[in-house]
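A closer look at the structure
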Amino acid sequence: MFTLFGRKKRIRKEMDKQLLEDIRKLKKDWETLESIMEQSIEPSDAGLQDLAVVKAKYFYLLREARVRGISALS
């Protein structure tokens, strides 16, 4: 019983770490795409859609981090 609790805690910690890594990666992707779109004279529809998808994923993962009780903004 105690080993199960320890394993669950370890798995949760690993998942939280992966969540934070994914959030940081998406934030970087978002900033990169946003920079490209701002520098474009006429941003393409595909580029704008990619930007919207990255933003949606980023905010979804931020909400997940809040639900899990971890700080993603550090």
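Report on the accompanying structure.

Concerning the environment of tryptophan 30
In this structure, tryptophan 30 sits in helix α1 (residues 2-39). With a relative accessible area of 16%, tryptophan 30 lands in the buried category. Separated by 26 residues in the primary sequence, tryptophan 30 and alanine 56 place their C-alpha atoms 9.9 Å from one another. Residue contacts for tryptophan 30: discarding those within four places in its chain leaves Leu51, Val54, Lys55, Tyr58 and Phe59.

Considerations on helix α2 (residues 45-68)
Relative to the 34 Å expected for 24 residues at 1.5 Å per residue, α2 spans 35 Å between its end C-alpha atoms, a close match to the ideal helical length. Three or more residues of α2 are buried, namely Gly47, Leu51, Val54, Tyr58, Leu61, Leu62 and Ala65. Count one or two residues on from α2 and you reach glycine 69, which has phi positive near 80 degrees.

Considerations on the environment of tyrosine 58
Mapped onto the fold, tyrosine 58 is located in helix α2. By relative accessible area, which is 6% here, tyrosine 58 ends up buried. Along the sequence, tyrosine 58 and lysine 9 sit 49 residues apart, while their C-alpha atoms lie 25 Å from each other.

Thoughts on the packing of aromatic side chains
In this structure the tally under the stated criterion is three aromatic pairs. Relative to tyrosine 58, the ring of tryptophan 30 lies with its centre 5.3 Å away and its plane at 55 degrees, an arrangement referred to as tilted. Of this pair, tryptophan 30 sits in helix α1 while tyrosine 58 sits in helix α2, placing them 28 residues apart in sequence. Pairing tyrosine 58 with phenylalanine 59 gives two aromatic rings, centres 5.4 Å apart and planes at 70 degrees, and the pair type is edge-to-face. Ring pairs connect the aromatic residues Trp30, Tyr58 and Phe59, which therefore count as one cluster.

Parameters at a glance
- Residues numbered from 1 in each chain as written.
- Predicted model: local features only at pLDDT ≥ 70, side-chain atom pairs only at ≥ 80, totals over all residues.
- Heavy atoms only, no water.
- Helix = DSSP H or I, 4+ residues; strand = E, 2+ residues; numbered from the N terminus.
- Buried < 20%, exposed > 50% of the residue type's maximum accessible area, 1.4 Å probe, protein only.
- Contact = heavy atoms within 4.5 Å.
- Expected span 1.5 Å × (residues − 1).
- Phe/Tyr/Trp six-rings, centres within 6.5 Å; stacked < 30°, edge-to-face > 60°.

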